[in-house]
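# Remarks on the overall topology
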There are 2 protein chains.
Amino acid sequence: MRIALDAMGSDRAPSVDVEGAVRAARRFGVEVVLVGRQEAIERELARHDTAGLALPIVHASEVVEMAEHPSQAVRAKRDASIVVAMRLLREGQVDAVVSAGNSGGVLAASLLSVGRIGRIEGVSRPAISTILPTLTGRSFMLDIGANTDCRPEWLAQFAMMGAAYAKKVLGISEPRVGLLSNGEEETKGSQAVQAAHAILKQLPLRFIGNVEGKDLTQGLADVIVSDGFAGNVAIKTAEGTAAMLLTLLRREIKRRPLASIGALLAKPAFRVVARVLDYREYGGGPLLGVNGVVIIAHGRSDALAMENAIRVAVEAVRANVVEVIRQEIAAVQALVGAAPDASPEA
Amino acid sequence: MRIALDAMGSDRAPSVDVEGAVRAARRFGVEVVLVGRQEAIERELARHDTAGLALPIVHASEVVEMAEHPSQAVRAKRDASIVVAMRLLREGQVDAVVSAGNSGGVLAASLLSVGRIGRIEGVSRPAISTILPTLTGRSFMLDIGANTDCRPEWLAQFAMMGAAYAKKVLGISEPRVGLLSNGEEETKGSQAVQAAHAILKQLPLRFIGNVEGKDLTQGLADVIVSDGFAGNVAIKTAEGTAAMLLTLLRREIKRRPLASIGALLAKPAFRVVARVLDYREYGGGPLLGVNGVVIIAHGRSDALAMENAIRVAVEAVRANVVEVIRQEIAAVQALVGAAPDASPEA
């Protein structure tokens, strides 16, 4: 298996990206194609023991920056690392693409660049996904940022794609699907969410109805469906709240000598909790609905997160997730009535 | 000052509602009019020392239940406690209304019941608000549930109303106003949020731009503006995440004898943090934009939360918040171009 890694993606690129690739190549026995500025990548590679590992470099002279407008950037920068990586996927030279870059840039490169792989037939909009830690394990959530204003049928497709992914890649036999809303009753929600609720009840899914923000961490649903605006707000709020709580605890403990001793004794417990919350363990989430395996990692990724993002790619390729989604979408397309949108813009 | 309390509002009504009223009457020296089933309220009052306190009862035979459709319920139940309380406000018999009942019911009673007080002139939509604890203090957030689909001008009005409240009631001289979005750049957000951003830049506000979910708990903004859908998701996600983290910590600590001793030593630190996160300290949030002081408390309120919700009402009345908002809205109405919507439905 060959995975293309956008080596210029993360906030600390290419250092952690390359280190993650080295670790993944060793751990999973896959070839990782490093796409980006050759010289910079070679310099990073030299810092690691890469004997026996398949880590070819494909040079790309440009980078899509965080502040750039995604669709303009991927059109203008034909030699950007994410565009070149995508082209390798389009040409069948690799089985997947992994990037910790601008997620809008990854999406735009998938759909609009010279390397575009496009959408799976019948899919209206691709969705960005993530794993959310819960009290009982983890949930899979989409969309978390690709589509701010969503039509009801798009939300229904997110549900189908998410359920397919949960089944085939996460190994959950009958995933419970919840729709993020501002109340449990089906009369709650924006107009789009209420309409999506009505569609979801008709689909061959284990639809458990609306879930609220407070339910996200309770593990009520295996798949949580949202538009990209509220979904993004939700995961970032969860991240911020956890960070605040730990900071407050640390601050109050530091102020008290006895509490400091106590915290030392309780450290192993804290460590377990910190690990549950650590996004690096989950690596990255697939961009579902595009015509290939594309994994988006957190921009603040370190080498462990990059290694795990490559693991997610390996699992998705093995599960043949693109083909599975193609079949699911085709099966329900008539039911959902979602014709692919004319505009390729996401 | 006289505050009408919907004594049938909370999940444990009328027990905690009445107890909160007794405590507030003593602590703040105000009269609290208890609205609800006379017999049930008398039974609760008998359990407390109420000597010298002004706690009259106004009988109301019906209750708006949590599961009911708010606008239908307040129209059908003309003798519901929240409707009767609102009528007292409309008739000038009280200075404010406090309720821990169905928040949609409180909103509907304000706008659609026989006791309706209506909107402040020029306000398109009232907004439900709350206090959000942050690393550095607290933020004021609105809307958190009254309006799921929002026009840009409504969001702009929320900003004006929130800033006025933060200034006059919370005592923040130049409140920083942030717009909740899925990215910091002004090109990020739903169409409504992007359009609201453009309006907010024009208004006489200390507008700091978009804030993301992860910023909510950082205290970057004093006032956070959102539509009621994403706002509701955000506050409930924060609540759920904090609860999960504390549950996980407790679970992992319990498993380890040494950690349990440590936790005991660290308990004072934990207690401070728990108090920061405790919504009961904040009592409730005003329903801003209606023609009177209306405070919505958490449905799961206990007596402390009810007492504090009444405190919030007292502060809002003292600050003359309705008049202040009336002036702010009038001053910028031409600028915002928000004509009051023809439909009174919220």
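Residues numbered from 1 in each chain as written. Chains lettered and ligands numbered in written order. Predicted model: local features only at pLDDT ≥ 70, side-chain atom pairs only at ≥ 80, totals over all residues.

Each helix and strand counted, chain A has twelve helices and eleven strands in total. Compactness check: chain A gives a C-alpha radius of gyration of 20 Å against a globular reference of 20 Å for 346 residues, within 12% of the reference. Each principal axis of the C-alpha distribution contributes one length, and for chain A these read about 60 × 60 × 35 Å. For chain A, with 346 residues in total, the buried portion stands at 61%. Of the contacts made within chain A by residues no fewer than 6 positions apart, 72% connect residues no fewer than 24 positions apart. (Helix = DSSP H or I, 4+ residues; strand = E, 2+ residues; numbered from the N terminus. Rg over C-alpha atoms; globule rule 2.2 N^0.38 Å. Buried ≥ 20, exposed ≤ 12 C-beta atoms within 10 Å, placed from the backbone. Contact = placed C-beta atoms within 7 Å.)

Further remarks concern the relation of the copies chain A and chain B. Mapping chain A onto chain B calls for a rotation angle of 180 degrees and an axial translation of 0.0 Å; the resulting RMSD is 0.0 Å. In short, the pair behaves as if placed about a two-fold rotation axis. Taking C-alpha positions as reference, the residue of chain A nearest the rotation axis is Gly262 of chain A, located at 1.7 Å. (Least-squares fit on C-alpha atoms with pLDDT ≥ 70 in both.)

Residues and elements named next belong to chain B. Running from N to C, helix H8 (residues 228-254) and helix H9 (residues 257-277) point in directions that differ by 170 degrees, and their axes come no closer than 11 Å. Considering their axes alone, H8 and H9 lie roughly antiparallel with respect to each other. Taken together, the residues of H9 that come into contact with H8 (itself represented by Ala242, Ile253 and Lys254) are Ala259, Ser260, Ala263 and Leu277. For the contact of H8 with H9, the per-class residue count stands at five nonpolar, one polar and one charged. (Axes fitted to C-alpha atoms, helices over the stretch in contact; angles between N-to-C directions. Parallel < 35°, antiparallel > 145°, perpendicular 65-115°, else oblique. Nonpolar A, V, L, I, M, F, W, Y, C, P; charged D, E, K, R; others polar.)

Okay, the packing of helix H9 (residues 257-265) of chain A against H9 of chain B next. Orientation of H9 of chain A relative to H9 of chain B, taken along the N-to-C sense of each, is 145 degrees, at an axis distance of 7 Å. In terms of crossing hand, the pair formed by H9 of chain A and H9 of chain B is left-handed. Two secondary-structure elements touch here, H9 of chain A through Leu258, Ala259, Ile261, Gly262, Ala263, Leu264 and Leu265 of chain A and H9 of chain B through Leu258, Ala259, Ile261, Gly262, Ala263, Leu264, Leu265, Ala266, Pro268 and Ala269 of chain B. Taken together, the residues that form the contact of H9 of chain A with H9 of chain B break down as 15 nonpolar, two polar and no charged. (Left-handed = near helix turned anticlockwise from the far one by under 90°.)

Adjacent strands of a sheet form backbone hydrogen bonds with each other and so pair up, either parallel or antiparallel. All names here are of chain A. In spatial order, the strands read E3-E2-E1-E4-E11-E10-E5-E6-E9-E7-E8; together these eleven strands make up an open sheet with mixed pairing. The sheet is open, and its two borders are formed by strand E3 (57-59) and strand E8 (206-211), each paired with just one other strand. Strand-to-strand twist of the sheet, defined as the mean angle between neighbouring strand axes without regard to direction, takes the value 25 degrees. In this structure, strand E1 (residues 2-6) lies alongside strand E2 (residues 31-36), joined through five bridges in parallel fashion. Residue pairing for E2: Arg2 is matched across the bridge by Glu31. Here helix H8 (residues 228-254) sits on the sheet and contacts strand E5 (127-133), strand E6 (138-142) and strand E7 (176-180); the angle it forms with E5, its principal contact strand, is near 30 degrees. (Pairing = 2+ DSSP bridges.)

The partner chain B presents 53 residues to the 53 residues of chain A that form the contact. Those elements giving two or more residues to the side of chain A that touches chain B turn out to be H8, H9 and helix H10 (267-277) of chain A. Taken together, the residues of the side of chain A that touches chain B break down into 27 nonpolar, 18 polar and eight charged.

This next bit is on the pairing of E1 of chain A. Residue and element names in this part refer to chain A. Of all five residues that make up E1, four are buried, and the element is covered over most of its length. The handedness of the E1 to E2 crossover, carried by helix H1 (residues 15-28), is right-handed. Note: E1 against strand E4 (residues 96-99), three bridges, orientation parallel. Bridge pairing in E4 places Ile3 opposite Ala96. (Right-handed = clockwise from strand over helix to strand, strands pointing away.)

All names here are of chain B. Judged by pairing direction, the sheet is mixed, and its eleven strands sit side by side in the order E3-E2-E1-E4-E11-E10-E5-E6-E9-E7-E8 without closing on themselves. A strand with exactly one partner marks an edge of an open sheet, and here the two such strands are strand E3 (57-59) and strand E8 (206-211). Each strand of the sheet is rotated relative to its neighbour by a mean of 25 degrees, with strand direction disregarded. Each of strand E1 (2-6), strand E2 (31-36), strand E4 (96-99), strand E10 (284-288) and strand E11 (293-297) touches helix H10 (residues 303-318); the most contacted strand, E11, lies at about 160 degrees to it.

Right, let's talk about helix H4 (residues 81-90) of chain B for a bit. Residue and element names in this part refer to chain B. Most of H4 sits inside the fold, with nine of its ten residues counted as buried. All of the buried residues along H4 are Ser81, Ile82, Val83, Val84, Ala85, Met86, Arg87, Leu88 and Leu89. Against E1, E2, E3, helix H3 (70-76), E4 and helix H5 (103-111) lie the buried residues of H4. Just downstream of H4 lies Gly92, where phi reads positive at about 75 degrees.

Bringing the environment of Gln194 of chain A into the picture now. Residues and elements named next belong to chain A. Examined against the element boundaries, Gln194 turns out to sit in helix H7 (residues 191-202). Sequence separation between Gln194 and Thr50 is 144 residues; the distance between their C-alpha atoms is 53 Å. Discounting chain neighbours no more than four positions away, the residues touching Gln194 are Thr187 and Gly189.

For the bond from Ala13 of chain A to Pro14 of chain A, the omega torsion is -5 degrees, close enough to zero to count as cis. Here Pro14 of chain A is to be found in the loop between E1 and H1. Along the chain, Leu142 of chain A connects to Asp143 of chain A via a cis peptide bond; the corresponding omega equals 0 degrees. Here Asp143 of chain A is to be found in the loop between E6 and helix H6 (152-168). One non-glycine residue, Asn320 of chain B, lies in positive phi territory at about 55 degrees. Assignment of secondary structure puts Asn320 of chain B in the loop between H10 and helix H11 (321-336).

The next thing to look at is the nonpolar core. By size, the foremost hydrophobic cluster in this structure holds 249 residues, and its most contacted members are Ile3, Ala96 and Ala313 of chain A together with Ile3, Ala96 and Ala313 of chain B. Among residues more than four places away in sequence, those in contact with Ala96 of chain A are Ile3, Leu89, Val293, Val294, Ile295, Ala313, Ala316 and Val317 of chain A. (Core = buried A, V, L, I, M, F, W, Y, C linked by C-beta atoms within 7 Å.)

Residues and elements named next belong to chain A. For E2, a buried count of five out of six residues is recorded, marking the element as mostly surrounded by other parts of the structure. With three bridges joining them, E2 and E3 adopt parallel strand pairing. Each residue of the ladder has a partner; that of Val35, found in E3, is Val58. Chirality of the crossover, the property in question, places the unit of E2, helix H2 (residues 38-45) and E3 among those that are right-handed.

Residue and element names in this part refer to chain B. By secondary structure assignment, the location of Glu39 is in helix H2 (residues 38-45). Overall, Glu39 belongs to the exposed group, with 10 C-beta atoms counted inside 10 Å. Taking the C-alpha atoms as reference points, Glu39 and Pro152, 113 residues apart in sequence, are found 47 Å from one another.

Residues and elements named next belong to chain A. Along its sequence, chain A is organised into domain 1 (1-126 + 289-346) and domain 2 (127-282). One C-alpha centre belongs to domain 1, the other to domain 2; they are set 24 Å apart. The interface of domain 1 with domain 2 comprises 28 residues on the first partner and 23 residues on the second. Of all the elements in the fold, those that place two or more residues in the side of domain 1 that touches domain 2 are helix H5 (103-112), helix H11 (303-318) and helix H12 (321-336). For the side of domain 1 that touches domain 2, the element with the most residues is H12, which contributes eight residues. Among the residues making up the side of domain 1 that touches domain 2, the classes are represented as 17 nonpolar, seven polar and four charged. (Domains from an automatic or database assignment.)

Glancing now at the confidence of the model for chain A. Detailed conclusions should not be drawn from predicted coordinates in areas where pLDDT is low. All names here are of chain A. Here chain A averages 93 in pLDDT, while 96% of its residues score no lower than 70. Per-residue pLDDT stays below 50 along residues 339-346; that stretch engages in 14 contacts with residues further than four places along the chain or on separate chains. Under the prediction, the complex receives an ipTM of 0.91, its pTM being 0.92. (pLDDT = per-residue confidence, 0-100.)

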